[in-house]
Structures are given as structure tokens and as C-alpha cells.
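# Inside the fold
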2 protein chains.
Amino acid sequence: MTQLMAAKRGEITQKMQAVAAREGKTPEEIAAGVARGEIVIPANPAHVGLRPCGVGKGLRTKVNANIGTSEGSPDLAAEVVKLEAALAAGTDAVMDLSTGGEIDAIRRALIARCPVPLGTVPVYQAAAEALSRRGAVVGMEVDDLFAVVEKQMTDGVDFITVHAGLTMANLELMRSQGRITEIVSRGGALLVGWMLYHGRENPFYAHFDRLLELAAAHDVTLSLGDSLRPGCLADATDRAQIGELITLGELARRAREAGVQVMIEGPGHMRLDEIALNVALEKKLCESAPFYVLGPLVTDVAPGYDDLTAAIGGAIAAAAGADFLCYVTSAEHLRLPNAEEVRRGVIAARIAAHAGDLVKGIPGAAEWDRRMAVARKSLDWEEQIRLAIDPEGARRIIGQGEPAHGEGCTMCGPYCAMKLVSEFLGTPVASCR
Amino acid sequence: MTQLMAAKRGEITQKMQAVAAREGKTPEEIAAGVARGEIVIPANPAHVGLRPCGVGKGLRTKVNANIGTSEGSPDLAAEVVKLEAALAAGTDAVMDLSTGGEIDAIRRALIARCPVPLGTVPVYQAAAEALSRRGAVVGMEVDDLFAVVEKQMTDGVDFITVHAGLTMANLELMRSQGRITEIVSRGGALLVGWMLYHGRENPFYAHFDRLLELAAAHDVTLSLGDSLRPGCLADATDRAQIGELITLGELARRAREAGVQVMIEGPGHMRLDEIALNVALEKKLCESAPFYVLGPLVTDVAPGYDDLTAAIGGAIAAAAGADFLCYVTSAEHLRLPNAEEVRRGVIAARIAAHAGDLVKGIPGAAEWDRRMAVARKSLDWEEQIRLAIDPEGARRIIGQGEPAHGEGCTMCGPYCAMKLVSEFLGTPVASCR
């Protein structure tokens, strides 16, 4: 029985209780959110050692880190280092997007080391296997695709991205729209190739009930991918993107009716004033399903800094109601990230999520900032470092110049405003604690 | 005659023509904006080699980099390196905040090397001189302060921050409000000390006409500082901050009436949903004077990443109408930045400014992104690097893994969506150019 089926029956599971405890909510609140489809708990019973994590309305905004091998970088060892970097940086979830090397072995090794929900994009592996076994991606058969889905679910994957809304009709919307970057979703592109080659409908759409049966059997959460997400600002919020979102809304309802937990993936690249509109539209069209956004990146011109462009968009999206932010690293658009880029990408996404949580009024969010402010006023450097979102990073920057407790920093020296004002107003530096 | 006086008389100066040419506007549009006080051109005639730059409504959002010595780091050489790093990264303006070493010599050396507008905060030098000559910051006399102002103007400083809105009445607003971080403005804190020690009104407020005379004589733009800007989210948009903003609006009108160009400084730390409100309020209370914001930082908890927290707030502020973003580096709240942190701080602020310009509809902004999108679609890597906001940074990340023209990157390898879709849809990779 899935978490959604249990919630619909009014049952409160151990996983709901665990999520409630972490979020400062009652188990009943979590159960009600799951029952309404506003909260998902991606937690495959086969994932040993998983710490359940909720995603959705009223909960802390979560972040995901993408890792995984490529053809040119097929080794497990490097991905384990990235997994550990992402976990140490505080990621809430990880996606294994491996397309190179021993994909099954890599996934199993990562799941075994991963206490947070782990997601995949099964069509990647299906395409890689079709290429190696049948000589071409389009050689993939429908049963091959579902065999990969089932294999990954059996291994304990907690959520999977399926680009089920990429229908022939939505593809035609894109063609008639006229786009600059057309499709930038890798999974979407693979499926488009297959669809056009065979002249057949997207198998995830055509056989959605088959997918639902598997997801229900393993309690795997579906993350409905947005194949037609904009790959540049000029393509954002067009008829193709919103057409696909409508389809995703239809599929989300079917998933919920089948007792399958579901969330919706979102863009992408867009001007920052379009973000709130996109979040509101997703909530309406998909009946408040959790929204999982990639970025959004608020400009196209900053390769090397897309952790930052995504943090701008992610913060605005979270404040507007997005529930789950997929990190973007500074290597995006250039190459696969290394472990340090993974680490910084997670921190950037966490900052964006927290900036959104302050607006959402998530319990504890404002209190964290308030405590930092008090530590600053009292020039309590150890407490400032302890409260920092990346304590080690903050300590590294202070470095040799670290001031003693109660002293201003090297930035202002004797002109430290905190010290001056406390002296002049007669509020001793340490009094604010 | 100041630019504002000329504009009021209907004259079009060479500096207005230069600004118009850079912004894709007519000289008449620039002159009209200057006459209305919506645009300033901080350009001291004594600043040899200055390339005039406009700040305000309808113009590209500008960014400023703060550099300058401190007591613990008093050498000119390091600041020259930072100046060059900031200029190479594309800063539109620089502020010399030196408080250590030979302040006069440092300022003159920086002005001589600086083709962009250079600003200062005269009270810093006045305080440092009072400390060394009279044994205490509060030993400063009113004539000392104005002597520093005049000296800096004579040297060719283009704009100065004066915390003239920090009146006794606004200070009382802060006291009755009750704040965590009270005053975090260094200049504000110095003046508060002086005011409370002497029991006298802020000299910049009490003698504002004297300041206006000097500013008019040298055509130095006044940047009215917000001493009571919030130093943490909990203190944002309170009665003290808005009370001071009202005073700044009164002073801005007096400046314009005296023919002195004026802009308004803004916060600071605040929740991201308060930013648009703050921009709108500045535009109303200060009758559309250009708004120069520091950040805003959308969370307090990310020391080591405040280039990013400021970029989030700066992008939102710019989109809402802020005209000028003061960068914040990753060293903020920890220590003075080094040259690499200066460089990255400028890039982060430029990204935020550009994200805002896309919303403002600044000419050329969307076209830049469109060209990058076309270069991505056509897998034209050299063009992508050329168009990047930091070409060297992008090239460094690609590094050894740089793909040949027309090939996907190492991120997706053979599963590059651009390649796949172009192949399947029959739109050749290079066709978008």
C-alpha cells in the first residue's frame, strides 16, 4: 500500500510520523496533505536506511542534487564522492542520472549509501541499453523501457522522472510555436526521437496505466517531467510548455486516483517576472501537486554562474509556492560538475529554498535568521559560524584574520558599526544574546 | 554648472550625449531624465579620463564595487589590484572606502586609474583623521568634516555618500522601535556617536545647504545614505528605516532645487517579498530619484555566500525599478574581500542587474539572451564563450573537456538534447544561426 492509499484511508504511517517530527507538524497534518496530493513522501520500502522526507505544501522547501556518470566519465568512485559531497552540504534528495559505465551497479551502490530519497530517469538507462544492445536508441522496445522502470523500482528508487506529458499533440504545439532551443530535456529528446522514428505515441503516455501499476506496487513517487520546458528565456511560458503542463495535470489526477504519489517538474529558463505566474499555473492546472523546479534560470548569459542564476529563480519560485528545487551547478551548460561544484550547488539551492521559506513562513525559518542577527550584534563569531548555512566555508573565508570574541572584523576594524553603536547607545555588545 | 542645472535650462551637454550613445537613447531623452531628477550623471569635471555613465530610469541597471584600505590592510598596491579586477569584470562604478594608510594619496591614485565614476564616504576619512589628530572620532569638528568633503570633491570624486537623513528624530524612531542590529551603517554609526556625544544634530543635516553649495560647485552627485538600513531581516521595513527614507525624500527635493544631482541609498537585509514594496516606496517618497541598493540580502544565514544572497535581492530590486546595485562579495560579514572575491562580486551583481534589465525591457537585454540561446542550439561553443558574462570564467570551467564545434558537451555526451532533437526533427544543428 502506498503512502497515498494509506492517507486516503485515514491511516497514519510511520513515515508520515517521521516527516511530521522533522517538520514540526502533527502526523494528522501530514496525512491530510498526502491524502489531498499536496504532499508526497518519496519512500520506496525497498530503499534500506532511508530517512523519510516530505515534499509539498506547508513543508520546508527541499533541494535535490543531480549526480551520475556519463559515457566519458563512467566510474562509480567519482559519483560516490559527489554523493557524499551533496549529503554533507545538506541536500534533501539525490538523483542518479547515470548514462555511462555499469549503470545497474552504480545505482545500487548509490542507493545503499544514500539516506535521502533517490530518484532516477529510467529512460536514460533504457536509451543507453538500446544503444549498446540494439545499436540505436530508437531500437528500444516498449517492454525494454518498462523492464528498466521495474528494475529500478525493485532496487529501491524512491522517485522517477517520466516524461509522460510529451504527447504527439504537445510536440505539434512546439513545432507550430517555433522555438529557438526546441527541446532541452534529455529524456524528452530521447522520447521524441523514438516517437518520430516509429510514428507512435510516447510509451509513458500510451501505457500510463502500466506505469501506475508498477509505481503503486513499489510506492514509487512519479515526478512528471516537463520535456517541453524552455531552454532559454525566449521560449518560456509558450503554448508548448503550458500545453504539456495541462497534460501533466490530467496525468497527475490519474496517478492520484490510482493511489500513486505524484509531483510535477517545472522550468527551466525564464524571466524572473514570469516565475510566480508559472508556479500559480502549476498549482491550478495540477490541483496543488508538489512543484519540482529546475532553476528557474533568470538569464541565459551566465554560464559558469548558473548556480547563482538558478538561486535567483529558485528563491522567487519557492517564495511563490514551489516545493522542491533541483540544484543547478556552476558547471551547467559547460560540463559535468565535480564534487566541489556539487557541494556549492547544494548550498546555493539551500539558500534559495530558505529565502523562500522565510516568505512561506515555514516554522523555524525566521528564527534561524534572527539568531544570526543576534550573534552579529553581539560579535559572537563562533555562534555566527555555527549558524552559517556552510560553517566550514565561512570559517575558511575568515581564515587567519579571525577576530577574537567581541571584536569587530577586519572589514571595518575600529570603525565597526556594531561596536560603535553599542558603545554610544550604552547597549553593551554582549547584551543582545 | 551641474548636469542638472544644464538640463533644467534645456541644454544638452557632452556628457548627456555620451550617456545617450551608450544607452541607445537620444540626448534629449537623457536631458529630460536628468531635468526630472530621474537620471543622474555622476561626473566631476575634475575627474580626468572619466567615461560618463548615467544612472536612473530607462537606463541599464548599473553596478558598483566597493574597495578601499582598512587599518589592518593599509596598502595602495592591493587596492589597485582590486580596482583593476573590478574594472576587468565590468563594474560601472567604484567606491573607495579607505580608512587606513595614506587616505588622500590612495584616493588620488585610484581616481587617476579609474575611468568609471568613483564615489567615497567622506565621513570615513574625517573620522580616521579625527582619531589620529584629535585622539577620538568624536573630536571631529564640523569644519573638519566639510574640509574633507571639499578636499575629496577637489580631487575629482564623482559621488559621495552622505548620511544626511540620520536626524535626532529618526534616531529616536530607532530607539523606540527596538531593533536587533540597530545600526549597521559604518558612516551612520560614526555620526551617531558624534551626535550623542555632543548632543547636536547630524552636521550633514544641520548644514545641508553648505553641502549643497560644495556639491553644486563641483557637480558632485549626492548619494543620500541610509544609516538606518536594516542589518537583518527582523529589522527590515520598520518605522526607523521608513522614517529616514521620508527625510531623504525631503533632502532630495532640496538638492534638486539647488541644482545638485541626487540619488538615494537603500537596504540592506530583507525578506524577498518586501523588496518590491521598498523600491516602490523610495520612488514615491523621493519623487523618482535613482535608487542605489546594497543587496538586498534575502537571508542573514549565508556568510560566505552573500554575493549570491545579494544577487537574489538585487535581481528582484532591479526588476522592481532599482537603478544601481552595490555589489556584495562572498567575504561580506567576514572580512575585506580579496581581488578574486571582488571580481566574482562584480559578476554576481552584473547578473542580477541584467536579470532586472530583462524585466525592465532595457534595449538589447533580451537580445543578448536570445543570441546565447541560438549559440547553444547550434552547439557553437566559441560563440557561447564569447557571449558569456564572464568569458574567461566559462572557458576555465570547460577546461580540457572542451568539445569541438557542433558536438554536445561532456555533460550529456551522445544524449545531447540539442543534437538529438535537431537530428530527429530534421533541423540541422547549425541552422539556427
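Scope of this entry: the structure provided in the associated data block. (Residues numbered from 1 in each chain as written. Chains lettered and ligands numbered in written order. Predicted model: local features only at pLDDT ≥ 70, side-chain atom pairs only at ≥ 80, totals over all residues. Heavy atoms only, no water.)

Below, the discussion takes up the packing of helix H6 (residues 122-134) of chain B against helix H7 (residues 142-155) of chain B. Residues and elements named next belong to chain B. Between H6 and H7, the shortest axis-to-axis distance is 9 Å and the interhelical angle comes to 125°. Judged by the angle between their axes, H6 and H7 are oblique. Considering how the two elements wind past one another, H6 and H7 form a crossing that is right-handed. Residues Pro 122, Val 123, Gln 125, Ala 126, Glu 129 and Arg 134 of H6 pack against Asp 144, Leu 145, Val 148, Val 149, Lys 151 and Gln 152 of H7. Across the contact of H6 with H7, the residue classes break down as six nonpolar, two polar and four charged. (Axes fitted to C-alpha atoms, helices over the stretch in contact; angles between N-to-C directions. Helix = DSSP H or I, 4+ residues; strand = E, 2+ residues; numbered from the N terminus. Parallel < 35°, antiparallel > 145°, perpendicular 65-115°, else oblique. Left-handed = near helix turned anticlockwise from the far one by under 90°. Contact = heavy atoms within 4.5 Å. Nonpolar A, V, L, I, M, F, W, Y, C, P; charged D, E, K, R; others polar.)

In the superposition of chain A on chain B (RMSD 0.0 Å, axial shift 0.0 Å), the rotation amounts to 180°. Look at the turn and shift together and you get a two-fold axis relating the two. If distances are taken from each C-alpha of chain A to the rotation axis, the shortest is found for Ile 312 of chain A, at 2.2 Å. A symmetric contact is evident, with 100% of the interface residues of chain A recurring at the interface of chain B. (Least-squares fit on C-alpha atoms with pLDDT ≥ 70 in both.)

Residues and elements named next belong to chain A. Position of Phe 291 relative to the elements: it lies in strand E9 (residues 291-294). Classification of Phe 291 as buried rests on a relative accessible area of 4%. The residues touching Phe 291, leaving out its near neighbours within four places in the chain, are Ile 264, Glu 265, Gly 266, Pro 267, Asn 278, Val 279, Glu 282, Lys 283, Ala 322, Asp 323 and Phe 324. (Buried < 20%, exposed > 50% of the residue type's maximum accessible area, 1.4 Å probe, protein only.)

Listed as interface residues are 94 residues of chain A and, on the opposing side, 94 residues of chain B. Roughly 8,000 Å² of surface becomes buried between chain A and chain B when both sides are summed, with 72% attributable to carbon and sulfur atoms. At the junction of chain A with chain B, the criterion picks out two salt bridges. Close ionic contact of Lys 377 of chain A with Glu 182 of chain B constitutes a salt bridge, the shortest N to O distance being 2.8 Å. Our count for the chain A to chain B interface comes out at 16 residue pairs in polar contact (both at pLDDT 80 or more). (Buried area = accessible area lost by both parts, 1.4 Å probe. Salt bridge = Lys/Arg side-chain N within 4 Å of Asp/Glu carboxyl O. Polar contact = N/O pair within 3.5 Å; in protein donor to acceptor, adjacent residues only side chain to side chain.)

With that settled, the discussion passes to the sheet that holds strand E8 (residues 262-266) of chain B. Backbone hydrogen bonds hold the strands of a sheet together, and the pairing may be parallel or antiparallel. Residues and elements named next belong to chain B. Read around the barrel, eight strands follow the order E3-E4-E5-E6-E7-E8-E9-E10 and close on themselves; strand pairing throughout is parallel. Sheet twist, expressed as the average angle between the axes of neighbouring strands with direction ignored, equals 25°. Direction of pairing for strand E6 (residues 159-162) relative to strand E7 (residues 221-224): parallel, over a ladder of four bridges. Note that in E7 the partner of Thr 161 across the bridge is Ser 223. Of the strands in this sheet, E7 and E8 touch helix H12 (residues 239-257), which is tilted by about 165° from E8. (Pairing = 2+ DSSP bridges.)

Core analysis: the largest hydrophobic core is formed by 242 residues, its most contacted members being Phe 204, Leu 222 and Leu 224 of chain A together with Phe 204, Leu 222 and Leu 224 of chain B. Among all residues touching Leu 222 of chain B, those that are not within four sequence positions of it are Ile 160, Val 162, Phe 208, Leu 211, Leu 212, Ala 215, Val 260, Gln 261, Val 262 and Met 263 of chain B. Formed by 19 residues, the second largest nonpolar core is a distinct cluster that contains Val 301 of chain A together with Leu 379, Ile 397 and Cys 412 of chain B. (Core = buried A, V, L, I, M, F, W, Y, C linked by side-chain atoms within 4.5 Å.)

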